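A closer look at the structure
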Amino acid sequence: MSYVTALIIHVLSVVVWIGGVAFVTLVTFPMILREEKSLEQVMMFQGVEHRFAKIAKLMVILAGLSGLYLLFEKGLSPGVWIMIVVWTFYAALLFGLEKLIFKKIFSKPADKLDTRKVFNILQGFHWVVLTLSALAIAAGIWTGHN
Ligand code: HEM
């Protein structure tokens, strides 16, 4: 595999993955929070989450493998460390923690859950991970062109 092919796979997988996180943060959560009924809110969230989680997991694996290839070619640098930390945070969530967190949050039936509070917290959390992702993207471009 050539260096440029690895870079193309790396950037494309990041575009789909972080683009999805941006969509969920900027479009899906505001739509959920406009919805009145708790059950509708939970259904909308679970519908999006089930579909996007699969896509995100595949993109995280592709970004990680192509990133490792680039790492062996270019070596470690502060920018690469930032990317690795952000990647590891996402991988820990997507391949383990997230299931435990959602199981705990949605253990109560929707009508017993303060869904507005839950989705406000989840939206806030997505703003944090989106900001961290933007930092990793800047670190990657800096690494690649500095
Ligand atoms: C295992 C984790 C990762 C590793 C080992 C890794 C490694 C690298 C390396 C070595 C480069 C530099 C390529 C060059 O010098 O041209 C790079 C570029 C890049 N990486 Fe990562 N990366 C990882 C995760 C991420 C993540 C999580 C993001 C964003 C959320 C990201 C976004 C980028 C971007 C945007 C570039 C710049 C491409 C360019 O403009 O040339 N990477 N990555």
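Right above here is the structure, for reference.
What counts as what
- Residues numbered from 1 in each chain as written.
- Predicted model: local features only at pLDDT ≥ 70, side-chain atom pairs only at ≥ 80, totals over all residues.
- Heavy atoms only, no water.
- Near = heavy atom within 4 Å.
- Polar contact = N/O pair within 3.5 Å; in protein donor to acceptor, adjacent residues only side chain to side chain.
- 1 Å grid on protein atoms, 1.4 Å probe; cavity = no way out; pocket = protein on both sides within 12 Å on 5 of 7 lines; lining within 4 Å.
- Sits in = over half its atoms within 2 Å of the grid points.
- Helix = DSSP H or I, 4+ residues; strand = E, 2+ residues; numbered from the N terminus.
- Nonpolar A, V, L, I, M, F, W, Y, C, P; charged D, E, K, R; others polar.
- Donors = N, O, S within 2.8 Å, 3.2 Å for Na, K, Ca; no water.
- Tetrahedral: all angles 85-135°; square planar, octahedral: opposite > 155°, others 65-115°.
- Phe/Tyr/Trp six-rings, centres within 6.5 Å; stacked < 30°, edge-to-face > 60°.
- Buried < 20%, exposed > 50% of the residue type's maximum accessible area, 1.4 Å probe, protein only.
- Core = buried A, V, L, I, M, F, W, Y, C linked by side-chain atoms within 4.5 Å.
- Contact = heavy atoms within 4.5 Å.
- Bend = angle between axes of the 7 residues up to and from the residue.
- Points joined across faces, edges and corners; volume = space filled by probe spheres on them.

The environment of the ligand is made up of 24 residues, and the closest members are Y3, H10, K74, M83 and H145. Measuring from a nitrogen atom of the ligand, one finds a side-chain N or O atom of H10 at 2.8 Å. Contact between the ligand and K74: an oxygen atom at 3.1 Å from a side-chain N or O atom of the residue. A molecule is said to occupy a pocket when more than half its atoms come within 2 Å of that pocket's grid points, and by this definition the ligand occupies the largest pocket. For the shell around the ligand, the element with the most residues is helix α4 (residues 115–145), which contributes eight residues. Looking at the shell around the ligand residue by residue, the classes come out as 16 nonpolar, seven polar and one charged.

Looking now at the coordination of the iron atom of the ligand. Here the iron atom of the ligand is held by H10 (NE2) and M83 (SD), and the distances to it run 2.1 to 2.2 Å. For the iron atom of the ligand, the six donor atoms are set out with angles of 86 to 180 degrees between them, so the coordination reads as octahedral. Residue H10 is found in helix α1 (residues 3–34), and its partner M83 is found in helix α3 (residues 78–105); the two are separated by 73 residues along the sequence.

We now examine the packing of aromatic side chains. Two descriptors summarise a pair of aromatic rings, namely the distance from one centre to the other and the angle between the planes of the rings. Considering all chains together, one arrives at ten aromatic pairs under this definition. Ring centres 5.7 Å apart and planes at 35 degrees place the aromatic pair F45 and F106 in the tilted group. Here F106 lies in the loop between α3 and α4 and F45 lies in helix α2 (residues 38–74), a separation of 61 residues in the sequence. As far as the burial class goes, F45 and F106 line up, both buried.

Membership of the largest hydrophobic core comes to 29 residues, with the highest contact counts inside it found for W17, F45, F106 and F119. Going through the elements one at a time, α1, α2, α3 and α4 are the ones with two or more residues in this core. For F106, the residues in contact, after removing those within four places along its chain, are V42, F45, Q46, L113, V118 and F119.

What follows deals with α3. An α-helical turn contains 3.6 residues, so any two residues separated by three or four positions project in the same direction. The sharpest bend along α3 comes to roughly 60 degrees, located at L97. For α3, the complete set of buried residues consists of G79, V80, V86, Y90, A91, L93, L94, E98 and F102. In this structure, the buried residues of α3 make contact with α1, α2 and α4.

Moving on to the environment of F45. Of the residues examined, F45 reaches a relative accessible area of 7% and is grouped as buried. Between the C-alpha atoms of F45 and T28, which are 17 residues apart in sequence, the distance is 7.9 Å. For F45, the residues in contact, after removing those within four places along its chain, are F29, I32, F102, F106, F119 and L122.

Volume-wise, the largest pocket comes out at about 800 Å³. In terms of lining residues, the largest pocket is bounded by 30 residues, among which H10, G67, L70, M83 and G140 are the most central. For the lining of the largest pocket, the secondary structure elements donating two or more residues are α1, α2, α3 and α4. No other element matches α2, which puts nine residues into the lining of the largest pocket. Each residue belonging to the lining of the largest pocket can be placed in one class, and the counts come to 21 nonpolar, eight polar and one charged. Considering the residues around the second largest pocket, the lining is formed by 22 residues, among which E49, E98, F102, F125 and H126 are closest to the centre. Only α1, α2, α3 and α4 provide two or more residues apiece to the lining of the second largest pocket. Sorting elements by how many residues they give to the lining of the second largest pocket places α3 first, with seven residues. Across the lining of the second largest pocket, the residue classes tally to 18 nonpolar, two polar and two charged.

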